[in-house]
Amino acid sequence: MEYKLVCTKCGAEYDRKSPAFRCVKCASILEVEYYYDGFRLPKGFRRRKPSQKKYVPLLPLSRLSATMGEGGSELVAADGLRRIIGQSVRLYLKVETENPTHTFKDRGSAVEISKAMELGYREICCASTGNMGLSLAKYARAHRIKCTVFISKDGNPKKIAKIRAQRARLVKVDGDFNDALLQAERFATRRGAFLCGDYHYRKEGQKCVVYEIMEQVGRRAPDYIFVQVGNATLLAAVYKGLVEFKKFGLIGKMPRLVAVQSDQCAPLVTAYKASRQVRYVRPATAADAIAVGFPTFGFEGLEAVKGTNGCAVSVDDSEIYRAMGLLKESMGIGAELGGATGLAGFLKMNAEKPSAFKGRTAVVIVTGNNED
Ligand SMILES: [Zn+2]
């Protein structure tokens, strides 16, 4: 789809060929703004099976040249969890661990690497807590693009080994994810590398997960979608995808979005509850994939929750461990802690107030599985 790049804060416009990742005037993040007027969905759109490729007309690309078969993940009924969740709620799991590097990140990587290639870049870099670095390293290697990953020196050793195995250059940063982010942004500017990560193009790739959910549930449109929050890109992307599907007349009502974080790193949940802006917290959760003290898409994440009349909930790390165990034992689905956080949020809210979910449909996105 035709688009322009716009600053989310001051409205400054950028050429779509611009490598800018933040506004040069106010340092805010940019947004892909489409020209929806006059846009028509391709013929036979509704009949085609959900997949990342199917949604290319809704992306800022002419072709998805860097695809590795991401997307098209299963949406499964969580019947194995009936004993715990009761009989009156319909719960579905969107199994994003089926992607090539076992996380939803691959959807964003396919779009970012395709865009980098379209703009003629042969080198990329990113900051990562692990999963994004692994995903980008794999996609970059497959397309002969040089890749540098900035990661906290306290990052998950198993993920670091997996990134190394993809032959990416690894830079360990003395600090947390936000320190790594700063270094990656400086490196990109200095080297003229294409900066990948939680920015506007990745968000576009990640919105496809909710297109798929809405197509896969069919007539039983979900009342709730539970999304774990690290950098809040997925949450912001899911909201954008829903707004677009509504605009195109593909869905009626909007599901409520529930943001879930760990108690030990909950800047978005705290901001939501206190009705204020997101402030930095020092991440201390064992769920490394969502250990982000200051989410890049924090503001947009809050908008997603408010705009759908949703809510934000935090769970203890022990509740995340329990959800991870249940996914494995009752559903046969492997997930890492961050990947099981959305389910932990659902289980907590359902246990506290089962009547809120009586006769309702809820979807939980199981985001990743890279800890073993
Ligand atoms: Zn600006």
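**Q** What's the story with helix α7 (residues 208–216) in this structure? I'm lost.
**A** It helps to recall that an α-helix has 3.6 residues per turn; residues three or four apart then point in one direction. Counted residue by residue, α7 has 7 buried out of 9 residues, so it is predominantly covered. Burial in α7 covers these residues: Cys208, Val209, Val210, Tyr211, Glu212, Ile213 and Met214. Positive phi shows up at Gly218, right after α7, with a value of about 65°.

**Q** Just checking my understanding: could you explain unusual backbone geometry for this structure?
**A** Most of the time, phi is negative for any residue but glycine, and the peptide bond is trans. A positive phi angle is found at Ala27, which is not glycine, with a value near 70°. Of note, Ala27 is situated in the loop between β2 (13–14) and β3 (30–34). By relative accessible area, Ala27 is classed as partly exposed at 45%. Even without being a glycine, Ala232 presents a positive backbone phi close to 70°. Taking the relative accessible area as the measure of exposure, Ala232 reaches 3% and is therefore buried.

**Q** Any chance you could explain the layout of surface pockets here in plain terms?
**A** Rolled over the atoms, a probe as big as a water molecule pinpoints where empty space is left. There is about 580 Å³ of room inside the largest pocket. Counting only elements with at least two residues in the lining of the largest pocket, the list comes to α5 (177–191), α9 (267–274) and α10 (298–307). The element that contributes the greatest number of residues to the lining of the largest pocket is α10, accounting for 6 residues. Its residues placed into classes, the lining of the largest pocket shows 10 nonpolar, 7 polar and 6 charged.

**Q** Would you explain the pairing of β3 in this entry?
**A** Along any regular strand, the residues point their side chains to alternate faces of the sheet. When you tally the buried positions in β3, you get 4 out of 5 residues, the bulk of the element. Relative to β3, strand β1 (residues 3–7) runs antiparallel, the two being bridged by 5 bridges. When the bridges of β3 are listed, Cys7 appears paired with Leu30.

**Q** Help me understand the coordination of the zinc ion in this model?
**A** Six octahedral donors at a metal ideally form angles of 90 or 180 degrees, and four tetrahedral donors ideally form angles of 109.5 degrees. Donor atoms from the polypeptide that coordinate the zinc ion comprise Cys7 (SG), Cys10 (SG), Cys23 (SG) and Cys26 (SG), at 2.3 Å from the metal. Every donor counted, the 4 donor atoms about the zinc ion form angles of 97 to 120° at the centre, which fits tetrahedral coordination.

**Q** Would you take a moment to explain helix α3 (residues 131–142) for this structure?
**A** Here α3 spans 17 Å end to end across 12 residues, near enough to the 16 Å set by a 1.5 Å rise per residue. Among the 12 residues that make up α3, 9 are buried, leaving the element largely enclosed by the rest of the structure. Those residues of α3 lying buried are Asn131, Met132, Gly133, Leu134, Ser135, Leu136, Ala137, Tyr139 and Ala140. Of the surrounding secondary structure, the elements contacted by the buried residues of α3 are α2 (105–118), β6 (123–128), β7 (146–152), α4 (157–165) and α6 (200–206). Following α3 by one or two positions, Arg144 has its phi on the positive side, about 55°.

**Q** Help me out: how do you make sense of the sheet that holds β3 in this one?
**A** The strands making up a sheet associate through hydrogen bonds between their backbones, and the pairing can be parallel or antiparallel. Judged by pairing direction, the sheet is antiparallel, and its 3 strands sit side by side in the order β2-β1-β3 without closing on themselves. Every other strand in the sheet has two partners, leaving β2 and β3 as the edge strands with one partner each.

**Q** Explain the packing of aromatic side chains to me, please; I cannot follow it from the model alone.
**A** Working definition: an aromatic ring pair is given by the centre-to-centre distance plus the angle between the planes. Under the defined criterion, the tally for this structure stands at 17 aromatic pairs. When the centroid spacing of 6.4 Å and the interplanar angle of 40° are considered together, the rings of Tyr224 and Phe226 count as tilted. In this structure Tyr224 comes out as buried when scored by relative accessible area, which is 10%. Ring geometry for Phe226 versus Phe357: centroids 6.2 Å apart, planes at 40°, classification tilted. One end of the pair, Phe226, is in strand β10 (residues 224–228); the other, Phe357, is in the loop between α12 (337–352) and β13 (361–366), with 131 residues separating them in the sequence. Taking relative accessible area as the criterion, Phe226 reaches 0% and is therefore assigned buried. Residue class for Phe357 comes out buried when judged on its relative accessible area of 1%. Ring-pair connections join several aromatic residues into one group, and the members of that group are Tyr3, Tyr34, Tyr36, Phe39, Tyr201 and Phe248. The ring of Phe45 has Lys54 sitting right over it, with the charged end atom 4.6 Å from the ring centre.

**Q** I tried to follow the side chain of Asn131 on my own but got confused; where do I start?
**A** Residue position: Asn131 is located in helix α3. Polar contacts involving the side chain of Asn131 include one to the side chain of Asn370, which spans 3.1 Å. Once residues lying within four places of it in the same chain are set aside, the contact partners of Asn131 are Thr103, Lys105, Lys159, Ala289, Glu336 and Asn370.

**Q** What am I meant to see in the pattern of salt bridges here?
**A** Pairing of side chains with opposite charge becomes possible as their charged atoms draw close. A complete count under the given rule lists 22 salt bridges for this structure. The closest approach of N and O atoms between Glu96 and Arg107, which form a salt bridge, is 2.6 Å. One end of the pair, Glu96, is in the loop between β5 (90–95) and α2; the other, Arg107, is in helix α2, and 11 residues separate them in sequence. On the accessibility criterion, Glu96 (0% relative accessible area) is buried. In this structure, Glu123 and Arg191 form a salt bridge, with 3.0 Å as the shortest nitrogen-oxygen distance. Taken together, the residues Glu123 in strand β6 and Arg191 in helix α5 connect sequence positions 68 residues apart. The class for Glu123 is buried, based on a relative accessible area of 13%. Judged by relative accessible area, Arg191 falls into the partly exposed class, the value being 44%.

Reading the values: the criteria
The residue numbers shown here count from 1 along each chain, following its written sequence. Local features in a predicted model are, by the rule used here, given only for residues with pLDDT of at least 70; side-chain atom pairs are given and counted only at 80 or more, and totals for whole chains, interfaces and linings are based on all residues. Note that the side-chain values use all heavy atoms of the structure and ignore hydrogens as well as water. Think of it in three bands: residues with accessible area under 20% of the maximum for their type are buried, residues over 50% are exposed, and the middle band is partly exposed, with areas taken using a 1.4 Å probe on protein chains only. The numbering of helices and of strands both runs from the N terminus, where a helix is a DSSP run of H or I of at least 4 residues and a strand a run of E of at least 2. Within this scheme a cavity is a closed region of a 1 Å grid, computed over the protein atoms alone, that accommodates a 1.4 Å probe without allowing it to escape, whereas a pocket is open but has protein on both sides within 12 Å along at least five of seven lines; lining residues each have an atom within 4 Å of a point. Grid points are joined across faces, edges and corners, and a volume is the space filled by probe spheres set on the points. Throughout, the ten residues Ala, Val, Leu, Ile, Met, Phe, Trp, Tyr, Cys and Pro are labelled nonpolar, Asp, Glu, Lys and Arg are labelled charged, and all others, Gly among them, are labelled polar. Following DSSP output, two strands are said to pair if at least two bridges run between them. Coordination here is defined by N, O and S atoms within 2.8 Å of the metal (3.2 Å for Na, K and Ca), and since water is not considered, a site can look incomplete. A site with four donors is called tetrahedral when every donor-metal-donor angle falls between 85 and 135 degrees; four donors are called square planar, and six octahedral, when opposite donors sit more than 155 degrees apart and all other angles fall between 65 and 115; any other arrangement is irregular. By definition here, a helix of n residues has an expected span of 1.5 Å times n minus one. It only takes one pair of heavy atoms within 4.5 Å for two residues to be counted as in contact. The aromatic pairing rule takes the rings of Phe, Tyr and Trp, using the six-membered ring of Trp, and pairs them if the centres are within 6.5 Å, calling planes under 30 degrees apart stacked, those over 60 edge-to-face and the rest tilted. Cation placement over rings: the criterion is NZ of Lys or CZ of Arg within 6 Å of the ring centroid and within 35° of the ring normal. Throughout this description, a polar contact denotes any pair of N or O atoms lying within 3.5 Å of each other; where both atoms belong to protein, one of them has to be capable of donating a hydrogen while the other can accept it, and for residues adjacent in sequence the pair is counted only when both atoms sit in side chains. Counted as salt bridges are all cases of a side-chain nitrogen of Lys or Arg within 4 Å of a carboxyl oxygen of Asp or Glu.

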